[in-house]
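Observations on chain architecture
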Amino acid sequence: VNHTLQDIILTGSVANADPEEINRLKMVLSINTQPLELKKIILRVYGNDPTLKEISLLEYEGSKHGGSYRYRRRYDCKSALLLGDALAENKHVKKLDLSYNSIREEGAKALGNMLLYNRSLTTLNISHNYVNDAGLLAISDALLTNPCLGCIVTDGNLSVKPSTRKQLNLSTCHNSHTAAEAYCITTTLAKGMSCETEIAAAITSDALAQ
């Protein structure tokens, strides 16, 4: 109910306190540092609200129709960490749009950690943030054990090495195709082919060969 309290001094009061309750209190206080809109979303995610299928934190001021607008970029690494913690065990959210915000390496690594546990998310958009190669590779590594996320958008981040993009493409293409196609996809990416064009042709060729 309280949306403003961000800190509590408990010196001398926590000797016999339940560690889980202390951690829960710290989590609630952290959520209170975020905009009210995000706090409401996080609480719905923790509650596994079955009506919450998509989350978008893309915000802008002004009118797109008039051509005079700017992205607010209100959400940062702490926002990604808090949302990631909530999404780890969520079973309903399918799409997450964090584009045009201020997420950096730490925030991307938090999202990667979330993907180790979450099995509902199929689309992640982190385009036009400030994520570097290390952050994107953390997400790619998480996809080695996550079979569900099949689409990730990363355009407009910090300079990303071609090898990083290739690794991300490989991970997501595995998740967006059947297991029977996985070998073909791995082979075509190893040859430097693009995920969107030559993979489709290679899959068709492989199917005809069988």
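My aim in this report is to walk through the structure given alongside it, one point at a time. Fair warning: this is a prediction, and the values are worked out from it, not measured in the lab. (Residues numbered from 1 in each chain as written. Predicted model: local features only at pLDDT ≥ 70, side-chain atom pairs only at ≥ 80, totals over all residues. Heavy atoms only, no water.)

1. Re the side chain of Asn32
With respect to the helices, strands and loops of the structure, Asn32 is situated in the loop between helix H1 (19-31) and helix H2 (36-46). For Asn32, a relative accessible area of 5% translates into the label buried. Within the local environment of Asn32, its side chain forms a polar contact with the side chain of Lys39, the two groups lying 2.5 Å apart. (Helix = DSSP H or I, 4+ residues; strand = E, 2+ residues; numbered from the N terminus. Buried < 20%, exposed > 50% of the residue type's maximum accessible area, 1.4 Å probe, protein only. Polar contact = N/O pair within 3.5 Å; in protein donor to acceptor, adjacent residues only side chain to side chain.)

2. Regarding the packing of H2 against helix H3 (residues 77-87)
Two packed helices can be described by the angle between their axes and the distance between those axes. Where H2 contacts H3, the axes come no closer than 8 Å and their chain directions differ by 20°. The pairing of H2 with H3 is recorded here as roughly parallel in orientation. H2 and H3 meet at a crossing whose hand is left-handed. Side by side, H2 and H3 meet where Leu38, Ile41, Ile42, Val45 and Tyr46 of the first sit next to Ser79, Leu82, Leu83, Asp85, Ala86 and Leu87 of the second. Each residue belonging to the contact of H2 with H3 can be placed in one class, and the counts come to nine nonpolar, one polar and one charged. (Axes fitted to C-alpha atoms, helices over the stretch in contact; angles between N-to-C directions. Parallel < 35°, antiparallel > 145°, perpendicular 65-115°, else oblique. Left-handed = near helix turned anticlockwise from the far one by under 90°. Contact = heavy atoms within 4.5 Å. Nonpolar A, V, L, I, M, F, W, Y, C, P; charged D, E, K, R; others polar.)

3. Description of the packing of aromatic side chains
Here the structure, examined in full by the defined rule, presents four aromatic pairs. Measuring from ring centre to ring centre gives 5.6 Å for Tyr60 and Tyr69, while their planes differ by 65°; the resulting arrangement is edge-to-face. Overall, the relative accessible area of 35% leaves Tyr69 in the partly exposed class. Between Tyr71 and Tyr100, the ring centres sit 3.8 Å apart and the planes meet at 15°, which makes this aromatic pair stacked. Taken together, the residues span a long stretch of sequence, with Tyr71 in strand E3 (residues 68-71) and Tyr100 in the loop between strand E4 (95-97) and helix H4 (105-115) at a distance of 29 residues. (Phe/Tyr/Trp six-rings, centres within 6.5 Å; stacked < 30°, edge-to-face > 60°.)

4. Comments concerning the nonpolar core
Among the nonpolar cores identified, the biggest contains 34 residues, and Ile55, Leu83 and Leu96 are the most heavily contacted of them. Among the elements of the structure, H2, H3, H4 and helix H5 (133-142) are those that each provide at least two residues to this core. The leading source of residues in this core is H3, at five residues. If sequence neighbours within four positions are ignored, Leu96 has contacts with Ile55, Leu83, Leu87, Leu111, Leu121, Thr123, Leu124 and Asn125. (Core = buried A, V, L, I, M, F, W, Y, C linked by side-chain atoms within 4.5 Å.)

5. Concerning unusual backbone geometry
Apart from glycine, the bulk of residues carry a negative phi angle, and the bulk of peptide bonds sit in the trans form. Phi is positive for Asn48, close to 55°, though the residue is something other than glycine. On the secondary structure map, Asn48 appears in the loop between H2 and strand E1 (54-56). Positive phi values are uncommon outside glycine, yet Arg73 reaches one of about 50°. Structurally, Arg73 can be placed in the loop between E3 and H3.

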